[in-house]
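Tertiary structure, described
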Amino acid sequence: MSVAGDMADKAKVGIDALALAGATVVRRKVPALPAGKDPIEIVVSIGEEGDTQYLDFEGNVIVRYPLAITIVTGGGLNLADDATIHTWRESIRKKLDDSATFSAVTAFHRVTSSQRSPFDISALPKDLNFSIQLFTIEALETRI
């Protein structure tokens, strides 16, 4: 399996281990809920490799992979703040920030998080809540 696939699998396993009440954790290419699926789902989506930083002349590089975790719940038209989603986001961030989550991936270096959404959420269905967390997972790889 690819490094990206391994990273996404370990992220899914880590989030599954949190046993978030009523939530199903799935891996998808895009952070969305397909037609016919009911929330609550937590979607793990890893993107194509991004920035590469060359470390030496022997071919060692750090490759960065974007990882989106999308929590999809019902009630998108409600204006109330959702304390459960805040708690889940905190739990997910802490789980993915724990290097033990990715310890089985030989190439794993570190993970960082950011607040930018990887896609335009205005195009998503308004009757659902989409809460997106974006992480960057760094892997130590070789060019060869």
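Okay, so let's go over this structure.

Thresholds, definitions, all that
- Residues numbered from 1 in each chain as written.
- Predicted model: local features only at pLDDT ≥ 70, side-chain atom pairs only at ≥ 80, totals over all residues.
- Heavy atoms only, no water.
- Helix = DSSP H or I, 4+ residues; strand = E, 2+ residues; numbered from the N terminus.
- Buried < 20%, exposed > 50% of the residue type's maximum accessible area, 1.4 Å probe, protein only.
- Expected span 1.5 Å × (residues − 1).
- Arc of directions from axis to C-beta.
- Contact = heavy atoms within 4.5 Å.
- Polar contact = N/O pair within 3.5 Å; in protein donor to acceptor, adjacent residues only side chain to side chain.

1. What about unusual backbone geometry?
Cis peptide bonds are those with omega within 30 degrees of zero, and the linkage from Pro-39 to Ile-40 qualifies with 25°. Considering the arrangement of structural elements, one finds Ile-40 in the loop between β1 (24–27) and β2 (41–46). One non-glycine residue with positive phi stands out, namely Ala-19, at about 50°. Relative to the elements of secondary structure, Ala-19 occurs in the loop between α1 (3–17) and β1. For Ala-19, a relative accessible area of 62% translates into the label exposed.

2. Observations regarding helix α2 (residues 83–97)
Note: α-helices contain 3.6 residues per turn, so residues at a spacing of three or four share the same orientation. End to end, α2 covers 21 Å across 15 residues, agreeing with the expected 21 Å (1.5 Å per residue, within 8%). Considered for burial, the residues of α2 that qualify are Ile-85, Trp-88, Arg-89, Ile-92 and Leu-96. The arc enclosing the buried residues of α2, seen along the axis, measures out at 105°, which places them on a common side. Across from the buried face of α2, at angles greater than 90 degrees, the exposed residues are Ala-83 and Asp-97. Summarising the contacts, the buried residues of α2 are in contact with α1, β2, β4 (60–74), β5 (108–114) and β6 (128–142). Two or three places before Thr-84, at the opening of α2, Asp-82 has a side-chain oxygen 3.0 Å from that residue's backbone nitrogen.

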